[in-house]
Amino acid sequence: MMGDRFELVIVGGGTAGWMCAAACAAKLAPARFRVRLIESEEIGTVGVGEATLPQMKDFNDFLGLDEVEFMKATQASFKLGIEFVNWGREGDRYIHPFGTFGRPIGEADFFSYWIRANRAGTAAPLFDYCFPIVAALQNRFMLPVGDGNDVRSAFAYAYHLDAFLYARYLRGWAEARGIERIEGRIVDVEQHSESGDIAAVKLASGTRVGGDMFVDCSGFRSLLLGGTLGVDLEDWSPWLPCDSAQAVPSARSADFTPYTRSTRRTAGWQWRIPLQHRTGNGYVYSSADISDDEAAATLLANLDGEALADPRVLRFKAGKREKAWAKNCVGMGLAGGFLEPLESTSIYLVQMAIMHMLTLMPDERAIDPALPAGFNRVMDVEYDRIRDFLILHYIANAPDAPLWERVTTGDIPDTLAGKIERFRHRGYIEAYRDGLFGPPSWQAVFVGQGIEPRAADRLADVLPAATVDERLANLAATIADAAATLPLHADFIARYCPAPAP
Ligand SMILES: Cc1cc2nc3c(=O)[nH]c(=O)nc-3n(C[C@H](O)[C@H](O)[C@H](O)COP(=O)(O)OP(=O)(O)OC[C@H]3O[C@@H](n4cnc5c(N)ncnc54)[C@H](O)[C@@H]3O)c2cc1C
């Protein structure tokens, strides 16, 4: 180690860099670790990224952040799921919730009983049996109750937030706990001649910053991992062909939804994310299918409030670096890979990378290869699972435009093909320990986009049909009654965490 402390250098101060710095400040003892973060105001950050997953609350709790203070600082609102509009077929809509459909009945899950009743024509739509969906569609929100027998306990929530403000908030938090910030543009990288490990980065000012280990949070540039170490991006664009986005904020609208909206369009899809001070919007599209000008016009024509800026164009390619940890460098955030924000997974992937890095952080200067190997395996699982889930959204659609014709007839990964076939067979979805998404998420998207099992699971044969129907009807009524007692999302926010006007 340099001096007597392990020197960790984080390159980049976007959401990824400051999340990593904050976690290091929380968990790495300053007596043993010196942590520095380099960022360049001249280069700036990507500055989009507003919808998250419930795991973000775990990250904030891990740091010990106060939820109310954090929400005020980031203009945050609550998120119960994502509404998909026109996915499947034009005019369809469904919500992928952060919650479950009913509860297991004996050996079978609720979903299997629903399939049975649905095939018999006696069930309501699946989405009526999920509390957060019913509440979300009425624009209502409350925190989950503690009593596990109450339907109002059967959900999790995430946040819509301003990712720029989140990074700024974490910066203050991390700096107050000893993280050193260095302003400057990196112009050169020095490697150890024998090992090829990164020894130091050099700034335009001439300053040299050396370290034992480097975290590459430099965004799409992937300065160290891709640039210096030459770790290629596995290209997933044949499956996920969108390569561009335009983002634009608009004035907050009256419809203050506790959910993100994703609307399928001719050449991609449009997001709508309500924050306290404004609404975030964007069109993610395939540049082979629409020009930037047309995409901008479509986006601006479909805002529900006045545009507050001109649309900003971003380019990307779907994929992940072949190794997220190579030599003494760990890449995270956009430097490690990019999957389009259809299921709000990027910040989650940063969080997972940070957690696994902290667990596998070497205690010695020499890095045992078992540590990066374990990290890369688990990050591969995380990326692969999300990739398959996103591709499912793409392939289950009417082929009503060239992009949708291509993706609905193209190849898909074998892992996804197997999953679809098992679901079609009898609604089977495996639950796994590592990675997103759980069975309710897959059930929502399968059913929401028109893929249904050919038969119900045999394990759901136990109860008589009349009993099944009665249980389903009771659950839907309980959920409807409970949802109606909740405050409106806007009122809840105004009481719980009103943010000052920016
Ligand atoms: C269109 C779009 C929509 C998105 N929506 C969501 C969403 O809804 N939910 C979600 O979870 N995620 C979303 N994301 C992803 C999210 O924006 C990013 O994952 C997140 O912001 C992390 O970015 P980052 O920190 O890796 O990179 P950046 O924000 O690009 O930060 C890179 C940092 O590196 C520094 N840097 C780069 N080069 C140098 C250099 N030479 N010298 C010094 N410093 C340097 C920069 O100054 C900056 O501080 C979206 C992304 C895109 C493109």
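Being a predicted model, the structure only gives us computed values, none of them experimental.

Cut-offs used in this document
Residues numbered from 1 in each chain as written. Predicted model: local features only at pLDDT ≥ 70, side-chain atom pairs only at ≥ 80, totals over all residues. Heavy atoms only, no water. Domains from an automatic or database assignment. Contact = heavy atoms within 4.5 Å. Buried area = accessible area lost by both parts, 1.4 Å probe. Salt bridge = Lys/Arg side-chain N within 4 Å of Asp/Glu carboxyl O. Polar contact = N/O pair within 3.5 Å; in protein donor to acceptor, adjacent residues only side chain to side chain. Helix = DSSP H or I, 4+ residues; strand = E, 2+ residues; numbered from the N terminus. Nonpolar A, V, L, I, M, F, W, Y, C, P; charged D, E, K, R; others polar. Phe/Tyr/Trp six-rings, centres within 6.5 Å; stacked < 30°, edge-to-face > 60°. Buried < 20%, exposed > 50% of the residue type's maximum accessible area, 1.4 Å probe, protein only. Lys NZ or Arg CZ within 6 Å of the ring centre and 35° of its normal. Pairing = 2+ DSSP bridges. Axes fitted to C-alpha atoms, helices over the stretch in contact; angles between N-to-C directions. Arc of directions from axis to C-beta. Parallel < 35°, antiparallel > 145°, perpendicular 65-115°, else oblique. Left-handed = near helix turned anticlockwise from the far one by under 90°. Near = heavy atom within 4 Å. Areas by Shrake-Rupley, 256 points an atom, 1.4 Å probe, with all protein chains shown as cover.

1. Some remarks on the domain arrangement of the protein chain
Phase 1: Structurally, the protein chain comprises domain 1 (6-76 + 161-234 + 318-382) and domain 2 (105-154 + 413-484).
Phase 2: In this structure, domain 1 and domain 2 have C-alpha centres spaced 37 Å apart.
Phase 3: Across the contact, 9 residues belong to domain 1 and 6 residues belong to domain 2.
Phase 4: Roughly 500 Å² is buried in total at the junction of domain 1 and domain 2, and carbon and sulfur atoms are behind 71% of that figure.
Phase 5: Joining domain 1 to domain 2, the criterion identifies 0 salt bridges.
Phase 6: Our count for the domain 1 to domain 2 interface comes out at 0 residue pairs in polar contact (both at pLDDT 80 or more).
Phase 7: Ranked by residues supplied to the side of domain 1 that touches domain 2, first place goes to helix H10 (residues 370-395) with 3 residues.
Phase 8: Per-class residue counts for the side of domain 1 that touches domain 2 are 4 nonpolar, 2 polar and 3 charged.

2. Observations regarding the packing of aromatic side chains
Phase 1: Going through the model one piece at a time under the given rule, you end up with 34 aromatic pairs.
Phase 2: Look at Phe-70 and Tyr-159: their rings are 4.9 Å apart centre to centre, the planes differ by 75 degrees, and that puts the pair in the edge-to-face class. You can see Phe-70 sitting in helix H3 (residues 67-74) and its partner Tyr-159 sitting in strand S6 (residues 158-160), a full 89 residues away along the chain.
Phase 3: According to the relative accessible area criterion, Phe-70 is buried, its value standing at 1%.
Phase 4: Residue Tyr-159 is classed as buried on the basis of its relative accessible area of 1%.
Phase 5: Put simply, the rings of Phe-70, Phe-78, Phe-141, Tyr-157, Tyr-159, Tyr-166, Phe-492 and Tyr-496 touch in pairs and so form one group of aromatic residues.
Phase 6: Just above the ring of Trp-173 sits the side chain of Arg-177; from NZ or CZ to the centre is 3.9 Å.
Phase 7: The lysine or arginine in question, Arg-387, covers the ring of Trp-236, its NZ or CZ lying 4.9 Å from the ring centre.

3. Describing the pairing of strand S13 (residues 244-251)
Phase 1: The buried fraction of S13 is high, at 6 of 8 residues.
Phase 2: Pairing of S13 with strand S17 (residues 312-315) involves 4 bridges; the strand directions are antiparallel. Across the sheet, Gln-246 pairs through a bridge with Val-313, a residue of S17.

4. Some points on the sheet that holds strand S21 (residues 337-338)
Phase 1: Overall, antiparallel pairing links the 3 strands, which are arranged S12-S18-S21 in an open sheet. Each of the sheet's edge strands pairs with one partner strand only, and the pair in question is strand S12 (233-235) and S21.
Phase 2: Here 3 bridges tie S12 to strand S18 (residues 319-321), and the two strands are oriented antiparallel to one another. Each bridged residue has a counterpart across the sheet, and for Glu-234 the counterpart in S18 is Lys-320.
Phase 3: Packed on one face of the sheet, H10 meets S18 and S21 and runs near 175 degrees to S18.

5. A word on H3
Phase 1: Within H3, the full set of buried residues consists of Glu-67, Phe-70, Met-71 and Thr-74. Down the axis of H3, the buried side of the element spans an arc of 95 degrees, and every buried residue falls inside it.
Phase 2: As for H3, its buried residues are in contact with helix H2 (55-63), strand S3 (77-79), S6, helix H6 (163-175) and helix H15 (489-496).
Phase 3: The first or second residue beyond H3 is Gln-75, which carries a positive phi of 55 degrees.

6. Side note on the packing of helix H4 (residues 110-120) against helix H14 (residues 465-484)
The packing of two helices is summarised by the inter-axis angle and the distance between the axes.
Phase 1: It is at 10 Å that the axes of H4 and H14 come closest, and there the two elements cross at 115 degrees. The angle between the axes of H4 and H14 places the two elements in the roughly perpendicular class. Seen from above, H4 lies across H14 with left-handed handedness. In contact with Phe-110, Tyr-113, Trp-114, Arg-116 and Ala-117 of H4, H14 contributes Ala-465, Val-468, Asp-469, Leu-472 and Leu-475.

7. Description of the site of the ligand
Phase 1: Neighbouring the ligand are 34 residues, the closest being Gly-13, Val-48, Ala-51, Ile-186 and Ile-347.
Phase 2: A distance of 3.0 Å separates an oxygen atom of the ligand from a polar backbone atom of Ala-16.
Phase 3: The contact in question runs from an oxygen atom of the ligand to an N or O atom on the backbone of Cys-217, over 3.5 Å.
Phase 4: Its free accessible area being 1000 Å², the ligand has 98% of it covered by the protein chains.
Phase 5: Contributions of two or more residues to the shell around the ligand are made by helix H1 (15-27) and helix H9 (346-360).
Phase 6: Among the residues making up the shell around the ligand, the classes are represented as 16 nonpolar, 14 polar and 4 charged.

8. A few points about the sheet that holds strand S11 (residues 213-216)
Phase 1: Strand order in the open sheet formed by 6 strands is S7-S2-S1-S11-S20-S19, with mixed pairing between adjacent strands. The open sheet has two edge strands with one neighbour each: strand S7 (180-183) and strand S19 (325-326).
Phase 2: As judged from the 6 bridges shared by strand S1 (residues 6-11) and strand S2 (residues 33-39), these two strands associate in the parallel manner. Counted as the bridge partner of Leu-8 is Val-35 from S2.

9. Concerning the pattern of salt bridges
Phase 1: One pass over the structure, following the stated rule, counts 30 salt bridges.
Phase 2: In this structure, the salt-bridge partner of Glu-83 is Arg-261, at a minimum N-O distance of 2.8 Å. Note that Glu-83 is positioned in strand S4 (residues 81-85) and Arg-261 in strand S14 (residues 260-265), a separation of 178 residues in sequence.
Phase 3: By relative accessible area, Arg-261 is classed as buried at 16%.
Phase 4: Within the structure, one salt-bridge network assembled from shared partners comprises Glu-7, Arg-34, Arg-36 and Glu-180.

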